[in-house]
Amino acid sequence: MEGPVITISRQFASMGRSVAQRLSSDLGISFMDRDIVKETAKRMNMPISEISSHDEKPGSSGFIMKRTYLFNFGVYSISKQIFEAQKNIISDFAQKAPCIIVGRLAEEVLAGRPNTLRVYIYAPFDDRVANCAEKLMIGNEAECVKAIKRVDEARAAYRRRFAGHDFRLEDFDLALSTSRFGIEGCAAIIGAIAKQRLKWD
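Residues numbered from 1 in each chain as written. Predicted model: local features only at pLDDT ≥ 70, side-chain atom pairs only at ≥ 80, totals over all residues. Heavy atoms only, no water.

K.L.:
Help me understand unusual backbone geometry in this model?
P.N.:
The bulk of non-glycine residues show a negative phi, and the bulk of peptide bonds are trans. In the Ramachandran plot, Met15 falls in the positive-phi region, its phi being about 70° despite a non-glycine side chain. Checked against the element boundaries, Met15 lands in the loop between strand 1 (5–10) and helix 1 (16–27). Even without a glycine there, the phi angle at Leu105 is positive, about 55°. Mapped onto the elements, Leu105 comes out in the loop between strand 3 (99–102) and helix 6 (106–109). Residue class for Leu105 comes out buried when judged on its relative accessible area of 5%. (Helix = DSSP H or I, 4+ residues; strand = E, 2+ residues; numbered from the N terminus. Buried < 20%, exposed > 50% of the residue type's maximum accessible area, 1.4 Å probe, protein only.)

Written out as structure tokens, the structure reads:
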């Protein structure tokens, strides 16, 4: 039996990463996020900063995306190579030990894998703006609105390019709002379901 794995996809500024960190502490299992970037840089022999610049981004979106596609195939090629490397890393992490994997289409990469709980974390737009300003401290309200829209567009483009479709709620086993349950509450709910539904050694 393959060990338990929880994937967490999240809206930007929904505090999904914080939920994953709290869940990791509650369950005592590994939390994989920046570790994926570090391992990708190691395997591809590239600087972490270069990997990060493409992480969960297919290049860009809108006009910039079209311009990149038409005039700089190298950027898309690198993004594709990074995604393929991260797919292998996600599969490797899932094989090694119980873990929580954040983002990077992990729910897609591990589709069909038994003993896996796929979670989506979201929040209303206004609450995401408040989180962006007050918790992530990215900037003022206007700057946060722009940041959220920009990241949402980039992640949507990333999903379309590498998963081949738009966001589908049916790809997840559980969807939770941090506005309704809070970070600790979401972690507690996921933990309770994981303990009940996943098989632990």
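K.L.:
I keep staring at the state of the cysteines and nothing clicks. Help me out?
P.N.:
By definition, a disulfide links the sulfur atoms of two cysteines through a covalent bond. Taken as a whole and assessed by the stated rule, the structure comprises zero disulfides. Here Cys99 stays free of any disulfide, with the sulfur of Cys186 as its closest cysteine sulfur at 20 Å. We classify Cys99 as buried; its relative accessible area is 1%. The structure places no disulfide on Cys186, whose sulfur is separated from the nearest cysteine sulfur, that of Cys132, by 18 Å. A residue is classified by how much of its surface remains accessible, and Cys186, at 0% relative accessible area, is buried. (Disulfide = S-S within 2.5 Å.)

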